[in-house]
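# Structure at a glance
Each chain is listed here by its residues.
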Amino acid sequence: MLNDVSSPTPEHTTYSDRAAALWRMVQDKTPLIQCLTNTVVQPLTANMLIAGGAAPAMVDVVGEADVFAAIASGVLINLGTVAPSQQDAMPEAAQAAHDNGTPWVLDPVAIGALPVRTALAHRLLDFSPTVVRGNASEIIALAGGVGGRGVDSTASVEEAADAAQAVSQITGGVVAVSGEIDLITDGFRRIQCENGTPMLTQITGAGCSLGAYIAAFVAAGDDPLLATAAAHACFGIAGEQAAAQAKGPGSFGVSLLDELSLLDEETIRARARLS
Amino acid sequence: MLNDVSSPTPEHTTYSDRAAALWRMVQDKTPLIQCLTNTVVQPLTANMLIAGGAAPAMVDVVGEADVFAAIASGVLINLGTVAPSQQDAMPEAAQAAHDNGTPWVLDPVAIGALPVRTALAHRLLDFSPTVVRGNASEIIALAGGVGGRGVDSTASVEEAADAAQAVSQITGGVVAVSGEIDLITDGFRRIQCENGTPMLTQITGAGCSLGAYIAAFVAAGDDPLLATAAAHACFGIAGEQAAAQAKGPGSFGVSLLDELSLLDEETIRARARLS
Amino acid sequence: MLNDVSSPTPEHTTYSDRAAALWRMVQDKTPLIQCLTNTVVQPLTANMLIAGGAAPAMVDVVGEADVFAAIASGVLINLGTVAPSQQDAMPEAAQAAHDNGTPWVLDPVAIGALPVRTALAHRLLDFSPTVVRGNASEIIALAGGVGGRGVDSTASVEEAADAAQAVSQITGGVVAVSGEIDLITDGFRRIQCENGTPMLTQITGAGCSLGAYIAAFVAAGDDPLLATAAAHACFGIAGEQAAAQAKGPGSFGVSLLDELSLLDEETIRARARLS
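Residue positions within a chain follow its written sequence, with the count starting from 1. Chains and ligands are labelled sequentially in the order written, the chains with letters from A and the ligands with numbers from 1. Local features in a predicted model are, by the rule used here, given only for residues with pLDDT of at least 70; side-chain atom pairs are given and counted only at 80 or more, and totals for whole chains, interfaces and linings are based on all residues. Excluding hydrogens and water, the side-chain values take into account all heavy atoms of the structure.

### A short note on the overall build of chain A
How we decide: Strands are runs of DSSP state E lasting at least 2 residues, helices are runs of H or I lasting at least 4, and numbering of each runs from the N terminus. The quantity called the radius of gyration is restricted to C-alpha atoms. Its globule counterpart is 2.2 Å times the number of residues to the power 0.38. Buried means the residue's accessible area, taken with a 1.4 Å probe over protein chains only, is under 20% of the maximum for its type, while exposed means over 50%, and partly exposed covers the values in between. Here a residue-residue contact requires only that any non-hydrogen atoms of the pair lie within 4.5 Å. Using a 1.4 Å probe, the Shrake-Rupley method yields the accessible areas, and only the shown protein chains count as cover for residues. His is not counted, nor are the chain ends, whereas Lys and Arg count as positive and Asp and Glu as negative. Where a charge lies is defined by one atom per residue type: Lys uses NZ, Arg uses CZ, Asp uses CG and Glu uses CD.
Of regular secondary structure, chain A possesses 11 helices and eight strands. By the compact-globule yardstick of 19 Å for 275 residues, chain A fits well, its C-alpha radius of gyration being 17 Å. The principal-axis extent of the C-alpha atoms belonging to chain A is close to 50 × 40 × 35 Å. Within chain A, the fraction of its 275 residues that count as buried is 64%. Intrachain contacts of chain A at a sequence separation of at least 6 include 69% that bridge at least 24 residues. Accessible surface, chain A as shown: approximately 9200 Å² in total, 51% of it carbon and sulfur. Across chain A, the mean location of the 13 positive side-chain charges is 4 Å away from that of the 29 negative side-chain charges.

Take a look at the structure:
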């Protein structure tokens with residue numbers, strides 16, 4: 001264990017060690033993650049969770065969403081395709097998670113211009129999500145600003161820093177803004193993650209799957225801020241390793257699952273870029 | 001044709017030959033399999049059916065589910081994500097399958113703790129599924145016992161043997177309990193299948209796809225017990241061959257489809273482990 | 001620029017050049033394609049669009065479908081799994097696309113024998129789809145004839161030529177009949193595309209993804225007939241290149257995405273088979 005004071009890069013070292021330790025906790029606990037998520041990314045999300053050491057369960061209907069949120073280790077609510085049935089089940093799950101102390105992650109996909117999900121996202125804020133994860137446009141829209149163009153962000157992460165702070169004050173939880181450099185804050189502390197690869201934007205569902213992966217880390221750990229940052233780093237490292245061997249987005253998606261399942265603490269400690 | 005009495009391993013040989021013959025019948029008939037299944041596994045299930053020699057059709061809305069069940073070769077009803085629309089369409093399809101003599105498979109995913117699907121599963125039993133396929137916890141819950149933790153079984157296959165017998169007496173059909181060693185029974189005869197690999201639990205939807213693959217074999221063959229056992233063996237063999245070359249769950253999923261499409265009778269006869 | 005009259009294969013050359021130019025326009029414009037499509041093929045469709053240079057957005061709920069169709073570059077409406085929510089959202093999107101001049105593609109999957117989607121398809125024709133894409137049985141059914149067996153066509157492309165003409169006169173738009181040789185017509189002109197591989201029928205969702213890919217080309221180009229033909233050629237070329245290296249349908253699906261992302265104008269000019 002390096003001494004934080006004498007080490008030349010203390011924060012990097014500390015965060016990397018903690019990221020590796022959190023990854024280990026996920027492997028040891030196999031947290032059960034309930035996902036109410038969009039139909040486009042359900043297969044990838046489930047496979048990412050398994051490869052990452054967690055157990056997925058897509059329980060998203062009224063009358064079951066609350067029952068399961070009470071017993072799950074963590075919950076993801078992702079607004080990517082909000083069919084009426086999910087519109088009803090999501091507040092049910094969020095309330096049950098909130099009432100039972102189950103950590104939960106909100107991913108407000110493409111809110112801003114789209115009215116149904118925007119109203120739903122604001123309604124879900126009442127149930128104090130442990131983590132909100134989105135791109136810059138989504139976080140700005142959640143804070144009350146103007147949103148982006150569909151699922152792609154038109155704002156930069158830095159432009160969303162104030163919005164992240166504002167959302168964090170509403171929820172009392174963590175807010176993560178994904179981008180070239182990810183910003184993770186709980187309103188007081190702020191961690192940046194530089195892991196990742198542009199290839200993650202060349203397949204559908206990487207960001208959405210990251211939301212579920214964050215839920216697994218938050219479920220396994222004690223500190224949601226660190227857990228969220230660790231999830232970003234581990235996911236980004238797997239992405240970097242997959243990109244190094246991929247011919248295109250098809251083989252990248254395959255390798256991403258392989259690499260996520262092959263992660264180990266030594267690699268995380270060596271490659272995590274958290275500050 | 002070997003003589004069952006004089007052969008040193010008569011049952012193995014017989015079952016393997018029959019499994020190979022049933023696989024051939026699927027290839028020759030290209031059974032059309034209607035799937036009312038969960039949204040997480042639809043892509044894999046459709047691709048597995050095609051790779052396995054069948055033709056998939058995901059017809060799962062009210063007003064079409066019954067029309068199609070009357071003309072399909074076989075039907076799969078899988079309770080993994082029971083949106084209200086599917087809750088209505090499933091009994092419609094089951095009744096039409098029952099009334100028209102279309103063989104159908106029930107996969108009662110994660111019943112037990114989850115009330116909506118548990119009630120639905122028991123209601124569907126009235127339409128006499130040709131085959132019920134589940135893990136040990138699910139079969140125990142279907143027989144009236146206590147279920148497991150989400151989609152993963154907490155009970156062993158052997159513990160579910162009595163429950164399988166009980167469910168078989170209710171339906172008059174075949175019950176398959178998936179696990180390290182699969183148990184397939186029609187209440188009188190009992191076949192065990194030792195094919196498979198732990199990698200099949202490292203991707204989402206392998207078990208669910210097996211349910212559809214069983215429907216194809218039952219549709220193509222005459223004896224649902226043997227057809228169900230043959231489907232388990234062929235699926236397991238493809239899994240074993242994929243695992244031998246996979247780096248992780250991503251490449252395993254890719255190879256599983258490749259290997260399923262490359263199966264042949266000789267390989268099935270040599271590798272099927274049915275007893 | 002070759003002279004069409006003196007060139008030994010004038011039409012091939014011209015169409016190939018135009019296909020390459022249209023592909024370039026898709027890359028440069030990154031059209032935003034809204035998909036209301038079936039849950040089986042959503043992941044592949046989204047990944048195909050990204051690999052092909054477009055941006056996908058699966059916005060398919062009432063109250064958002066119209067908002068998004070007004071701002072999207074193009075819209076795909078595919079009737080593969082028409083849950084009640086989609087049955088309501090599809091006319092909403094079609095009307096908004098029509099009223100706002102957004103080009104849109106209708107894929108009437110498996111209409112004919114299935115009543116809900118057949119009625120829906122005819123209702124959607126009122127909103128003048130820019131392109132209708134289907135197999136021979138589907139186009140014949142849309143023109144008022146007898147349909148096929150589920151998702152697979154039982155009629156030949158040539159048998160559907162009159163039906164394509166008839167549908168084109170109803171919509172005033174382009175009709176594409178997919179098959180071994182694809183037929184694309186606007187009721188006056190007729191283009192054939194010979195690119196492709198039987199492997200494209202060995203994975204689920206290739207045809208459905210082609211529908212979205214067509215929407216991207218139509219959105220980027222000026223001439224819907226040429227854009228539709230170019231999309232068929234580019235998609236078919238990527239399929240041919242993927243088939244040359246695939247071991248089976250699993251690796252074919254992976255390579256198809258890789259090859260689509262690696263296409264370039266030179267390859268398209270050399271390999272497009274349009275006449």
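On we go from here.
### A closer look at the pairing of strand β3 (residues 74-78) of chain B
Residues and elements named next belong to chain B. Condition: The criterion for strand pairing is that DSSP finds at least two bridges linking the strands in question.
Among the five residues that make up β3, five are buried, leaving the element largely enclosed by the rest of the structure. Of the two faces of β3, the one lined by Gly74, Leu76 and Asn78 and the one lined by Val75 and Ile77 are each fully buried. Summarising the sheet, strand β1 (residues 32-36) and β3 pair through four bridges and their orientation is parallel. From the neighbouring strand, Cys35 faces β3, where its bridge partner is Leu76.

### So, the sheet that holds strand β2 (residues 55-57) of chain B
Residues and elements named next belong to chain B. Spelled out, the test is: An axis is simply a line fitted to the C-alpha atoms; with a helix, the fit covers only the stretch in contact. Between two such axes, the angle follows the N-to-C directions and lies from 0 to 180 degrees.
With mixed pairing, the eight strands of this open sheet are ordered in space as β2-β1-β3-β4-β5-β6-β7-β8. Taken across any chain shown, the strands that pair with only one partner, and hence form the sheet edges, are β2 and β8 (190-193). Shown here is a sheet whose adjacent strand axes are inclined to one another by a mean of 20°, direction ignored.

### Brief notes about empty space enclosed by the protein
The condition is simple: Using a 1 Å grid laid over the protein atoms alone, points where a 1.4 Å probe fits but cannot get out form a cavity; open sets with protein on both sides within 12 Å along at least 5 of 7 lines form a pocket; any residue with an atom within 4 Å of a point counts as lining. Grid points are joined across faces, edges and corners, and a volume is the space filled by probe spheres set on the points. Amino acid classes used here: Ala, Val, Leu, Ile, Met, Phe, Trp, Tyr, Cys and Pro are nonpolar; Asp, Glu, Lys and Arg are charged; the rest, including Gly, are polar.
Applying the stated criterion across every chain, the model contains two cavities of 30 Å³ or more. Of the pockets and cavities examined, the largest cavity occupies roughly 870 Å³. As for the largest cavity, its lining consists of 37 residues, and the residues nearest its centre are Pro43(A), Asn47(A), Pro43(B), Pro43(C) and Asn47(C). For the lining of the largest cavity, the secondary structure elements donating two or more residues are α2 (42-51) and α10 (249-262) of chain A, α2 (42-51) and α10 (249-262) of chain B together with α2 (42-51) and α10 (249-262) of chain C. A class-by-class count of the residues in the lining of the largest cavity yields 24 nonpolar, 13 polar and no charged.

### A closer look at the relation of the copies chain A and chain B
Cut-off, in case you're wondering: Copies overlap after least-squares fitting; the atoms used are the C-alpha atoms of residues with pLDDT of at least 70 in both.
For the pair chain A and chain B, the best superposition has an RMSD of 0.0 Å and corresponds to a rotation of 120° with a translation of 0.0 Å parallel to the axis. The operation mapping one copy onto its partner corresponds to a three-fold rotation axis. Nearest to the rotation axis, the C-alpha of Thr39(A) is located 3.7 Å from it, this being the minimum over chain A.

### Observations regarding the interface of chain C and chain B
Counted only if it meets this: Buried area counts how much accessible surface, traced with a 1.4 Å probe, disappears from two parts once they are put together, with both parts' losses summed. Think of a salt bridge as a Lys or Arg side-chain nitrogen and an Asp or Glu carboxyl oxygen that are within 4 Å of each other. Under this definition, polar contacts are N or O atom pairs within 3.5 Å; protein pairs additionally need one hydrogen-donor-capable and one acceptor-capable atom, and for neighbouring residues in sequence, both atoms have to be side-chain atoms.
The interface is formed by 28 residues belonging to chain C together with 29 residues belonging to chain B. Together, the buried faces of chain C and chain B total about 2000 Å²; carbon and sulfur atoms form 62% of this surface. Put simply, chain C and chain B have two salt bridges between them. Close ionic contact of Arg117(C) with Glu64(B) constitutes a salt bridge, the shortest N to O distance being 2.7 Å. At the junction of chain C with chain B, the criterion picks out 10 residue pairs in polar contact (both at pLDDT 80 or more). Looking at the side of chain C that touches chain B, the elements with two or more residues in it are α4 (84-100), α5 (115-124) and α10 of chain C. The element that contributes the greatest number of residues to the side of chain C that touches chain B is α10(C), accounting for four residues. Looking at side-chain class alone, the side of chain C that touches chain B contains 13 nonpolar, 11 polar and four charged residues.

### Observations concerning the interface of chain A and chain B
Think of interface size as the accessible area that goes away when the parts come together; that is how it is often given. With 29 residues of chain A at the interface, the matching set in chain B holds 28 residues. Counting each side, the surface lost to burial between chain A and chain B is near 2100 Å², with a carbon and sulfur contribution of 63%. In this assembly, chain A and chain B are joined by 10 residue pairs in polar contact (both at pLDDT 80 or more). Elements with a minimum of two residues in the side of chain A that touches chain B: α2, β2 (55-57), α3 (65-71) and α10 of chain A. Class assignment for the residues of the side of chain A that touches chain B results in 17 nonpolar, eight polar and four charged.

### So, the packing of aromatic side chains
The condition is simple: A pair of Phe, Tyr and Trp rings is counted when the ring centres sit within 6.5 Å of each other, with Trp represented by its six-membered ring. The angle between the planes then sorts it: under 30 degrees is stacked, over 60 is edge-to-face, the rest tilted.
This structure, assessed with the given rule, holds six aromatic pairs over all chains. Between the aromatic rings of Tyr213(A) and Phe235(A), the centroid separation amounts to 5.7 Å while the plane-to-plane angle is 50°, which identifies the pairing as tilted. One end of the pair, Tyr213(A), is in helix α8 (residues 206-220); the other, Phe235(A), is in helix α9 (residues 224-243), with 22 residues separating them in the sequence. Classification of Tyr213(A) as buried rests on a relative accessible area of 1%. Judged by relative accessible area, which is 3%, Phe235(A) ranks as buried. For the pair Tyr213(C) and Phe217(C), a centre-to-centre distance of 4.8 Å together with 55° between the ring planes defines the contact as tilted. With Tyr213(C) and Phe217(C) both in helix α8 (residues 206-220) and four residues apart, this pair spans about one turn of that helix. Taken together through their ring pairs, the aromatic side chains of Tyr213(A), Phe217(A) and Phe235(A) make up a single cluster.

### A word on the relation of the copies chain C and chain B
It takes a turn of 120° to lay chain C on chain B, together with a shift of 0.0 Å along the axis; the resulting RMSD is 0.0 Å. Counting the interface residues of chain C, we find that no more than 11% of their copies in chain B are interface residues as well, pointing to two distinct contact surfaces.

### Side note on the state of the cysteines
Residue and element names in this part refer to chain A. Threshold: In this description, a disulfide is simply a cysteine sulfur pair whose atoms lie within 2.5 Å.
This structure, assessed with the given rule, holds zero disulfides over all chains. Here Cys35 stays free of any disulfide, with the sulfur of Cys208 as its closest cysteine sulfur at 11 Å. Looking at Cys35, the relative accessible area reads 0%, which means it is buried. Between Cys193, a cysteine without a disulfide, and Cys234, which holds the nearest cysteine sulfur, the sulfur-to-sulfur distance is 9.0 Å. Classification of Cys193 by relative accessible area gives buried; the value is 0%.

### Comments concerning helix α7 (residues 161-171) of chain A
Residue and element names in this part refer to chain A. Stated precisely, the cut-off is as follows: The reported arc concerns the directions from the helix axis to the C-beta atoms and nothing else.
For α7, every residue scored as buried is listed here: Ala161, Ala163, Ala164, Val167, Ser168 and Thr171. One side of α7 carries all its buried residues, which in axial view fall inside an arc of 155°. Relative to its buried face, α7 has exposed residues pointing more than 90 degrees away, namely Asp162, Gln169 and Ile170. The inward-facing, buried residues of α7 contact β5 (131-135), α6 (136-142), β6 (174-178), β7 (182-185) and β8 (190-193). Gly172, located one to two residues past α7, shows a positive phi value of around 70°.

### Let's talk about the environment of Ala20(C)
Residues and elements named next belong to chain C. Within the secondary structure layout, Ala20 lies in helix α1 (residues 10-29). Here Ala20 falls in the buried class, since its relative accessible area comes to 0%. Apart from residues no more than four positions distant in its own chain, Ala20 is found in contact with Glu265, Ile268 and Arg269.

### Details of unusual backbone geometry
Phi at Thr30(A) is positive, roughly 45°, even though this residue is not glycine. With respect to the secondary-structure elements, Thr30(A) resides in the loop between α1 (10-29) and β1 (32-36). A residue is classified by how much of its surface remains accessible, and Thr30(A), at 32% relative accessible area, is partly exposed. Residue Ser128(B) is not a glycine yet carries a positive backbone phi of 50°.

### So, the pattern of salt bridges
Between side chains of opposite charge, a pair can form as their charged atoms come close. Under the counting rule described, the total for this entry stands at 27 salt bridges over all chains. One salt bridge in this structure joins Arg189(C) and Asp223(C), with 3.1 Å as the shortest N-O distance. With Arg189(C) in the loop between β7 (182-185) and β8 (190-193) and Asp223(C) in the loop between α8 and α9 (224-243), this pair connects stretches of sequence that are 34 residues apart. Of the residues examined, Arg189(C) reaches a relative accessible area of 40% and is grouped as partly exposed. Here the residues in one salt-bridge network are Arg24(A), Asp28(A) and Glu265(A), joined through shared partners.

Purely spatial values, then, with no claim about function.
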